[in-house]
Amino acid sequence: MPQYLFDNAAAQTGGRFSVLERCYDPVSQGQLELTGLAAGWRCLEVGGGSSSLGDWLGERVGPGGQVTVTDIEPRWAAGRERPAHVRLVRHDIVRDPLPGDGYDLVHARLVLQHLPERLHVLERLVEVLRPGGWLVLEEFDCGWTPVLAAPDETAAALFDRVHSALIGLLQEAGGDPLFARRMTGAMARAGLTRLAATTYAEAWPGGSAGIALHRHNSDQVADRLAAAGITNGDLDRFRALLQDPAFIVNSYPLLSVRGRRPLLEDLR
Ligand SMILES: C[S@@+](CC[C@H](N)C(=O)[O-])C[C@H]1O[C@@H](n2cnc3c(N)ncnc32)[C@H](O)[C@@H]1O
């Protein structure tokens, strides 16, 4: 069975989650607000990682609401304090019984693209919404990370080579690096309506907070990159490049798509 490439047991996980929180949480929060998120809502945060967004949802819905945060490996979320109306559960969204139903809002960021069963999971997420409830899915488009500036052409080629090898590993593990592009159509086929999509990207210069994501990811799978032909020397040069302010790469674009489960009267 293919296995999630960046499993949370690795030491690099904390670094990865802090980049995601710092660079993408404000974007995700803005997208979640667009659903009309309000006090008293019942929310499900799937594959919540550090639970930075799950905990933020808890603040937004207040004690009159409820948030369930799931993860197949919740150890990074378990250390954070949270109020009683925010529940953290160890849960596999592919195989375990559904974690409740009748949710006003279900959100998953950077989860489905890793799962070979992503379309089955999408159907499950729609199933747990109440009629009129919102699903917000967010994924990286891993096929558009152009180098925007580099000290020389060799450096740009090195980045592309190491990054392509990393994306190859993601595919070998059953991931779809371009699922973000297919997500809106998949959500429409799953029966969601009022679909809306936006894309967010920024430039990541060497040494910046965001570009460290490439360092955490490549360090975590260094052995497998070596098997894919990336030498230790390549990785050393790659790490140095990620610290060089003359090197600038586009961030992973985050596609955020929201869709609503139709109300019963919409179906008549
Ligand atoms: C790239 S991280 C994203 C974490 C968080 N959603 C964020 O955006 O900050 C993917 C998360 O999905 C979790 N995950 C992977 N497979 C899962 C599964 N089958 N069920 C639930 N969570 C899963 C991982 O443990 C990890 O925390």
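The structure this text deals with has already been given above.
Quick caveat, the model's predicted, so the values are computed rather than measured.

Conventions adopted
- Residues numbered from 1 in each chain as written.
- Predicted model: local features only at pLDDT ≥ 70, side-chain atom pairs only at ≥ 80, totals over all residues.
- Heavy atoms only, no water.
- Core = buried A, V, L, I, M, F, W, Y, C linked by side-chain atoms within 4.5 Å.
- Buried < 20%, exposed > 50% of the residue type's maximum accessible area, 1.4 Å probe, protein only.
- Helix = DSSP H or I, 4+ residues; strand = E, 2+ residues; numbered from the N terminus.
- Domains from an automatic or database assignment.
- Salt bridge = Lys/Arg side-chain N within 4 Å of Asp/Glu carboxyl O.

### Considering the nonpolar core
By size, the foremost hydrophobic cluster in this structure holds 36 residues, and its most contacted members are Tyr24, Phe140, Trp204, Leu225 and Tyr252. Going through the elements one at a time, α1 (13-33), α5 (153-172), α8 (222-227) and α9 (232-241) are the ones with two or more residues in this core. Top contributing element to this core by residue count: α5, with 9 residues. Each of domain 1 (1-141 + 178-201 + 253-268) and domain 2 (143-174 + 202-251) gives at least three residues to this core. If you look at the next biggest cluster of nonpolar residues, it comprises 26 residues, including Val111, Leu137, Met183 and Met187.

### Details of the pattern of salt bridges
Taken as a whole and judged by the stated rule, the model has 17 salt bridges. Ionic pairing is found between Arg109 and Asp25, a salt bridge with its closest N-O pair at 2.9 Å. A residue pair is termed long-range when its members are at least 10 positions apart, and Arg109 in strand β4 (residues 103-109) and Asp25 in helix α1 qualify at 84 residues. Residue Arg109 is classed as buried on the basis of its relative accessible area, which comes to 10%. Assessed through its relative accessible area of 4%, Asp25 is described here as buried. Residue Arg239 pairs with Asp236 through a salt bridge whose shortest N-O separation is 3.2 Å. Of the two residues, Arg239 and Asp236 both sit in helix α9, 3 residues apart, roughly one turn of that helix. Among the residues examined, Asp236 registers a relative accessible area of 46% and is labelled partly exposed.

These values are about where atoms sit, not about what they do.
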